[in-house]
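Breakdown of the fold
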Amino acid sequence: MYRTVSKNLLEFLDASPTCFHAVKNMADTLLANGFTQLSEKEPWKITTGGSYFVTRNDSAIIAFTIPEDGIKGFRIMASHSDSPTFKIKEHPEITVEEHYTQLNVEGYGGMPFGPWLDRPLSVAGRIVIKEGDALVTKLVQVDRDLVLIPNLAIHMNREINKGYQYNLQKDLLPLYGDGAAKGTFMQTIAAAAGVEVPQILGHDLFLYNRQKGTIWGVNEAFISSGRLDDLQCAFASLQGFLQGEKKAYAAVHCVFDNEEVGSETKQGAASTFLKDTLMRICACLSMRREAYLVAIANSFMVSADNAHAVHPNHTGKTDPTNRPYLNEGIVIKYNGDQKYCTDAVSSAMFKALCSACGVSLQTFVNRSDMTGGSTLGNISTTQVALNAVDIGLPQLAMHSPYETAGIKDTYDLIKVAAALFA
Ligand code: CO
């Protein structure tokens, strides 16, 4: 059971090298389950009992269902589609002494750089092409070992194991080919997308790790893959959303983009995407603003973004009394400075939900002498003010190109999401 769910998760991760692919895969799953796709550019026709989804920027998605007897409130699970990586710059080719062709990249999000070196990588994302008079977006994935960032030999830097400060512009440029590869990068992208180079008017292209996800350990207790943060939660949210009965409340599966760079984009948690969608749903059902505000006050959001488990080599990095481990339950995240939106009310609601479906809980609070990360819960509640809890699945090596989590935890979150959407 755990194994099957984890295998399905790893398949989703392998098929989702970028946020654009993750959203496309979720949209395809929703279409296969009878959901109707809406466009923000056209008026919506929504009826009670219906199932819909809408995307923004091809990188954020909100799916929702309307109960037969109308909307008394929303039950929302929010996660994010993006992960730290490197973005390919405009005019990316650099030649080195006429013998090497490199790609010029910049960082996207915060990450440890070391694990990106000496492993096969490739390029994926989206391009915008001209087709007749229209601009059309196409997903692209170069499905082969295309680039690699080679380390410097120990003989040329004997000090490297004493700590090394990587320079993004100097140390982390991926090698793409020999001297003869000069001038071919956009041809490679065009060929992978099945278009001609002059058709390409824009691109959002990123590096991705070629190593596929795996289940491992003597008891197969662990899973590792790129992008567990936060596609593990996005996957569990969607599966629970599809499984839940969705009878009493309007159910909302929401995946934002750009969490790793602060969420302040039109498709991020700080944007109006969720608020616009909820307001349009109410407007389409002829609810007045008063009724919308009542529905929001009767709503609950679970912000699901992965959490740090106790690290076996660095146990002292975790708070002395709040210590999450892999495979030991979903993690509720607390922060006195409100980087997490959890409070006494929302944590009580979530605890009641988990105990009703027999799922264990753990807690995470930063050590008082360490500053942690933030997430989407508190950011999105500035747009849509409702009771919300920040939770996550425990993991190691967050933001590495190959992260590690527990085999049981995805299954547990699906169960809780299905109960949230019951
Ligand atoms: Co995250």
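Residues numbered from 1 in each chain as written. Predicted model: local features only at pLDDT ≥ 70, side-chain atom pairs only at ≥ 80, totals over all residues. Heavy atoms only, no water.

1. Focus: the packing of helix α7 (residues 344-356) against helix α9 (residues 409-420)
Interaxial distance between α7 and α9 falls to 9 Å at its minimum, and their mutual angle equals 110°. One finds that α7 runs roughly perpendicular with respect to α9. Every residue of α9 that contacts α7 at Phe350, Leu353 and Cys354 is listed here: Val416, Ala419 and Leu420. Here the residues of the contact of α7 with α9 sort into 6 nonpolar, no polar and no charged. (Axes fitted to C-alpha atoms, helices over the stretch in contact; angles between N-to-C directions. Helix = DSSP H or I, 4+ residues; strand = E, 2+ residues; numbered from the N terminus. Parallel < 35°, antiparallel > 145°, perpendicular 65-115°, else oblique. Contact = heavy atoms within 4.5 Å. Nonpolar A, V, L, I, M, F, W, Y, C, P; charged D, E, K, R; others polar.)

2. So, the side chain of glutamine 232
Locating glutamine 232 in the fold gives a position in helix α4 (residues 228-243). Residue glutamine 232 is classed as buried on the basis of its relative accessible area of 0%. Of note is the side chain of glutamine 232, whose polar atom sits 3.0 Å from the side chain of threonine 410. Apart from the residues lying within four places of it in its own chain, the contact partners of glutamine 232 are Leu9, Ile223, Arg227, Asn306, Leu393, Ala405, Gly406 and Thr410. (Buried < 20%, exposed > 50% of the residue type's maximum accessible area, 1.4 Å probe, protein only. Polar contact = N/O pair within 3.5 Å; in protein donor to acceptor, adjacent residues only side chain to side chain.)

3. Overview of the pairing of strand β12 (residues 222-225)
Where strand β11 (residues 214-216) lies against β12, 3 bridges are found, and the strand directions are antiparallel. Counted as the bridge partner of isoleucine 215 is isoleucine 223 from β12. The loop that links β11 with its antiparallel partner β12 comprises 5 residues; one of these, glycine 217, has a positive phi angle of about 100°. (Pairing = 2+ DSSP bridges.)

4. Some thoughts on the coordination of the cobalt ion
For the cobalt ion, every protein donor is listed as His80 (NE2), Asp229 (OD), Asp305 (OD) and Asp305 (OD), and the spread of their distances is 2.0 to 2.7 Å. Considering all 4 donor atoms around the cobalt ion, the spread of angles at the metal, 52 to 141°, places the coordination shape in the irregular class. The sequence motif formed by the donor residues of the cobalt ion is H-x148-D-x75-D. Of this pair, aspartate 229 sits in helix α4 while aspartate 305 sits in the loop between β14 (300-304) and β15 (307-308), and the two are 76 residues apart along the sequence. As far as the burial class goes, aspartate 229 and aspartate 305 line up, both buried. (Donors = N, O, S within 2.8 Å, 3.2 Å for Na, K, Ca; no water. Tetrahedral: all angles 85-135°; square planar, octahedral: opposite > 155°, others 65-115°.)

5. Examining the packing of helix α1 (residues 2-14) against α4
Relative orientation of the contacting elements α1 and α4 amounts to 120°, with a least axis distance of 10 Å. The angle between α1 and α4 falls in the class oblique. By crossing handedness, the relation of α1 to α4 is classed as right-handed. Contact residues: Val5, Asn8, Leu9, Phe12 and Leu13 in α1; Leu228, Leu231, Gln232 and Phe235 in α4. (Left-handed = near helix turned anticlockwise from the far one by under 90°.)

6. Observations concerning the sheet that holds strand β13 (residues 250-256)
With respect to topology, 9 strands assemble into an open sheet ordered β1-β2-β3-β13-β4-β14-β18-β16-β17, the strand pairing being mixed. Every interior strand has two partners, whereas the edge strands, β1 (36-38) and β17 (361-365), have only one. Strand-to-strand twist in this sheet, taken as the mean axis angle between neighbours without regard to direction, amounts to 25°. Here strand β16 (residues 330-334) runs beside β17; their pairing, made up of 5 bridges, is parallel. If you follow isoleucine 332 over to β17, its bridge partner there is threonine 363. The strands that helix α2 (residues 19-32) touches are β1, β2 (51-56), β3 (60-65) and β13; relative to β3, the one it contacts most, it runs at about 20°. Contacts from helix α5 (residues 273-284) reach β2, β3, β4 (74-80), β13 and β14, with the element oriented near 30° to β3.

7. A short note on α1
Look at α1: 18 Å from first C-alpha to last across 13 residues, which is about the 18 Å you get at 1.5 Å a residue. Within α1 the residues assigned to the buried category are Val5, Ser6, Leu9, Leu10, Phe12 and Leu13. Burial along α1 is one-sided: seen end-on, the buried residues are contained in an arc of 160°. Buried residues along α1 sit in contact with α2, β11, β12, α4 and α9. (Expected span 1.5 Å × (residues − 1). Arc of directions from axis to C-beta.)

8. Examining the packing of aromatic side chains
Enumeration over the complete set of coordinates arrives at 13 aromatic pairs. Ring geometry for phenylalanine 86 against phenylalanine 113: centres 6.1 Å apart, planes inclined by 35°, an arrangement best described as tilted. Of the two residues, phenylalanine 86 is situated in strand β5 (residues 85-96) and phenylalanine 113 in the loop between β6 (100-108) and β7 (121-131); the sequence distance between them amounts to 27 residues. A single burial state applies to phenylalanine 86 and to phenylalanine 113, both of which are buried. Ring-pair connections join several aromatic residues into one group, and the members of that group are Phe86, Phe113, Trp116, Tyr164 and Tyr166. We note arginine 75 situated over the ring of tyrosine 249; from NZ or CZ to the ring centre the distance is 3.7 Å. Above the face of the phenylalanine 241 ring, lysine 246 is positioned so that its terminal group lies 5.2 Å from the ring centre. (Phe/Tyr/Trp six-rings, centres within 6.5 Å; stacked < 30°, edge-to-face > 60°. Lys NZ or Arg CZ within 6 Å of the ring centre and 35° of its normal.)

9. Examining the nonpolar core
Counting 48 residues, the largest nonpolar core has Met26, Phe350 and Ile391 as the members making the most contacts within it. Apart from residues lying up to four places away in sequence, isoleucine 391 is in contact with Val302, Ser303, Ala304, Asp305, Ile330, Val331, Ile332, Lys333, Phe350 and Leu413. Of all hydrophobic cores here, the second largest spans 34 residues; its members include Ile46, Phe256, Met287 and Cys341. (Core = buried A, V, L, I, M, F, W, Y, C linked by side-chain atoms within 4.5 Å.)

10. Overview of the domain arrangement of the chain
Taken as a whole, the chain is organised into domain 1 (2-83 + 226-420) and domain 2 (85-209). Measuring from the centre of the C-alpha atoms in domain 1 to the corresponding centre in domain 2 gives 31 Å. If you look at the interface, domain 1 gives 19 residues, while domain 2 gives 20 residues. When the two sides are added together, the surface that domain 1 and domain 2 hide from each other amounts to roughly 1,500 Å², 62% of it contributed by carbon and sulfur. Taken together, domain 1 and domain 2 are joined by 1 salt bridge. (Domains from an automatic or database assignment. Buried area = accessible area lost by both parts, 1.4 Å probe. Salt bridge = Lys/Arg side-chain N within 4 Å of Asp/Glu carboxyl O.)

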